[in-house]
Amino acid sequence: MNPETWLLLCRTVRFGDTDAAGVMHFPQLLHWCHEAYEESLERFGIAAAEVFPRPGSMPEIALPIVHCSADFFKPLVCGDPLAIALEPQRLDPGCFEVRYRFSSNGTRVAEGLTRHLAISSSGRARRELPSAINRWLEASSLKSGVQPL
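The model shown is predicted, which means the values in this text are computed figures rather than measured ones.

Caption draft 1: Focus on the packing of aromatic side chains. For the structure on display, the rule yields 6 aromatic pairs. Ring geometry for W6 and F44: centres 4.8 Å apart, planes at 55 degrees, overall tilted. Of this pair, W6 sits in helix α1 (residues 4-7) while F44 sits in helix α2 (residues 28-44); the two residues are 38 residues apart in sequence, bridging distant segments of the chain. This pair shows no difference in class: W6 is buried, exactly as F44 is. Taken together, a centroid distance of 5.9 Å and an interplanar angle of 65 degrees make the contact between Y37 and W136 edge-to-face. Placement of Y37 in helix α2 and of W136 in helix α4 (residues 131-141) is noted, with a sequence separation of 99 residues between them. Overall, the relative accessible area of 1% leaves Y37 in the buried class. A connected cluster of aromatic rings, assembled from ring pairs, spans Y37, F52, F96 and W136.

Caption draft 2: Highlighting the nonpolar core. The biggest cluster of nonpolar side chains holds 33 residues, and the ones touching the most others in it are Y37, L63, F96, Y100, F102, I133 and W136. Per-element tally for this core: the top contributor is α2, with 7 residues. Setting aside its immediate chain neighbours within four residues, Y37 contacts V51, F52, L63, L86, F96, Y100, H116, I133 and W136.

So, how was this worked out
- Residues numbered from 1 in each chain as written.
- Predicted model: local features only at pLDDT ≥ 70, side-chain atom pairs only at ≥ 80, totals over all residues.
- Heavy atoms only, no water.
- Phe/Tyr/Trp six-rings, centres within 6.5 Å; stacked < 30°, edge-to-face > 60°.
- Helix = DSSP H or I, 4+ residues; strand = E, 2+ residues; numbered from the N terminus.
- Buried < 20%, exposed > 50% of the residue type's maximum accessible area, 1.4 Å probe, protein only.
- Core = buried A, V, L, I, M, F, W, Y, C linked by side-chain atoms within 4.5 Å.
- Contact = heavy atoms within 4.5 Å.

Purely geometric numbers; function is a separate question.
Here it is in structure tokens:
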């Protein structure tokens, strides 16, 4: 499986993503980061139920965002195409981060970062990352990719 199929995602800036000045509203970038993270996991083969809580179902290990940042280099307007390149990296056995590089028509327009910590859903104690996330991180670090389980 080619990592580009789950680490390079595309979207278009929509009117609802913009503010009264007609440019992308700044919190939208972090929203897109999280959507890209979710879509990357899904494309890799990790079901949302394995990672995210749902009514009546809580994964044993939660992955809250403990840090995020965003940098903006060029304004985006309705209709602009976006390519979002994800660069996940394990920081330690219970923590990882994802860098998001946004480009439009080949021009760098923004960057984002989310850092996630593995904790038990019930007691909130630090835990090791779930095996599915470890597989995603491992595959993301390989140039040739691997076949997900």
